[in-house]
Amino acid sequence: MTQYAIITDLNRCVGCLACTVACKVANGVNVGSFWIKTLRIGPNPKEGGSGDWPDVEMYFLPVQCQHCSDPECVKVCPTGASQKMADGTVQIDKSKCIGCQFCAMSCPYNVRYLNEEERVVEKCTLCEQKVAQGELPQCVAQCGSRARFFGDLEQGVDGFEAPAHPSELSCGYDDMQATRVTLKDYVEPYTEADIHHLPDVGNGPELMYLLRSDRKWRG
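Definitions and cut-offs
Residues numbered from 1 in each chain as written. Predicted model: local features only at pLDDT ≥ 70, side-chain atom pairs only at ≥ 80, totals over all residues. Heavy atoms only, no water. Core = buried A, V, L, I, M, F, W, Y, C linked by side-chain atoms within 4.5 Å. Buried < 20%, exposed > 50% of the residue type's maximum accessible area, 1.4 Å probe, protein only. Helix = DSSP H or I, 4+ residues; strand = E, 2+ residues; numbered from the N terminus. Contact = heavy atoms within 4.5 Å. Disulfide = S-S within 2.5 Å. Phe/Tyr/Trp six-rings, centres within 6.5 Å; stacked < 30°, edge-to-face > 60°. Lys NZ or Arg CZ within 6 Å of the ring centre and 35° of its normal. Patch = residues over 30% accessible without salt bridge, like charges linked within 9 Å, V, L, I, M, F, W, Y side chains within 5 Å. Areas by Shrake-Rupley, 256 points an atom, 1.4 Å probe, with all protein chains shown as cover. Salt bridge = Lys/Arg side-chain N within 4 Å of Asp/Glu carboxyl O.

What's the story with the nonpolar core in this structure? I'm lost.
Across soluble globular proteins, nonpolar side chains have a tendency to be buried as a group. Judged by nonpolar contacts, the single largest core of 43 residues is most densely connected at I7, L61, F149, F160 and L183. Of all the elements in the fold, those that place two or more residues in this core are β1 (4–9), α1 (18–27), β3 (56–63), α5 (138–141), β8 (148–152), α7 (183–186) and β12 (208–210). Not counting chain neighbours up to four residues away, the residues in contact with F149 comprise A5, I6, I7, V140, F160, E161, A162, V181, T182, L183, Y186 and V187. Counting residues in hydrophobic clusters, the runner-up holds 10 residues, among them C73, C77, A81 and I92.

Where do I start with the state of the cysteines in this structure?
Two cysteines, two sulfur atoms, one covalent bond between them: this is a disulfide. All chains considered together, the criterion is met by 0 disulfides. Note on C139: no disulfide assigned, nearest cysteine sulfur contributed by C127 at a separation of 6.2 Å.

Sorry, what's going on with unusual backbone geometry here?
In the segment running from G42 into P43, the intervening peptide bond is cis, with an omega of 5 degrees. Position of P43 relative to the elements: it lies in strand β2 (residues 37–45). Even without being a glycine, R146 presents a positive backbone phi close to 50 degrees. Positionally, R146 belongs in the loop between α5 and β8.

Hey, could you run me through the packing of aromatic side chains in this one?
Centre-to-centre distance and the angle between the planes together describe a pair of aromatic rings. Scanning all chains against the criterion turns up 2 aromatic pairs. Each ring, one from Y4 and one from F150, has its centre 5.2 Å from the other, and the planes form 40 degrees; the classification is tilted. Of this pair, Y4 sits in strand β1 while F150 sits in strand β8; the two residues are 146 residues apart in sequence, bridging distant segments of the chain. With centroids separated by 6.3 Å and ring planes inclined at 55 degrees, the aromatic side chains of F149 and Y186 adopt a geometry described as tilted. Residue F149 is found in strand β8, and its partner Y186 is found in helix α7; the two are separated by 37 residues along the sequence. The burial state of F149 is the same as that of Y186; both residues are buried. Here the guanidinium or amino end of K24 rests over the ring plane of F34, the centre of that ring lying 4.6 Å away.

Please explain the side chain of T89 as it appears in this structure.
Among the structural elements, T89 can be located in the loop between β4 (82–84) and β5 (90–92). Not counting chain neighbours up to four residues away, the residues in contact with T89 comprise Q3, Y4, H67, Q83, K84 and L126.

Sorry, what's going on with a nonpolar patch on the surface here?
Side chains of L17, V21 and V25 sit close together on the surface and give an oily, nonpolar patch of about 280 Å² of accessible area. Within the fold, L17 resides in the loop between β1 and α1. With a relative accessible area of 39%, L17 lands in the partly exposed category.

Listed below in structure tokens is the structure:
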């Protein structure tokens, strides 16, 4: 089996919103709608600290469709428009969607919305049109801090990929995008205990967040 997913290193994410903007451009997301929302978590007092600056901690949390293993949105869809695909992603067949929004109401993460013009529900697709051509999702390809990595969970998260950073190559944009680095070889050391998911209510969220133990996870 295949389960495509993204892992975001929250110790590297600077909250620049490049992923949000790149997603909107690549997928034609309407003004006022988002497939990725970046939340600010904190500032919160450090453990044992005073709670006053600089004794605080904060991180940014990009939230999008989690492409769950047992998605609630698929269960409640009356027409079969929401589907769990062979590659592990959750997709919407717009030709079957009647705009009832049952899926949006059942999603624990509030990441679906009704496209008012087309009267169909939309959300993150993990850029299926790009992945099918061997490319990375746009939010991964355009992350300036190299905090986002894409891959197949069945192959192990250590091998998730992102483009090499331009500062490390004497090449143009196209060559940079074609040169991949892996999570394990690129980011700071991490353990399995540092990998987190959004709250699971039985749906099995598959996207992951890397936050090392020096900060508190408040997903």
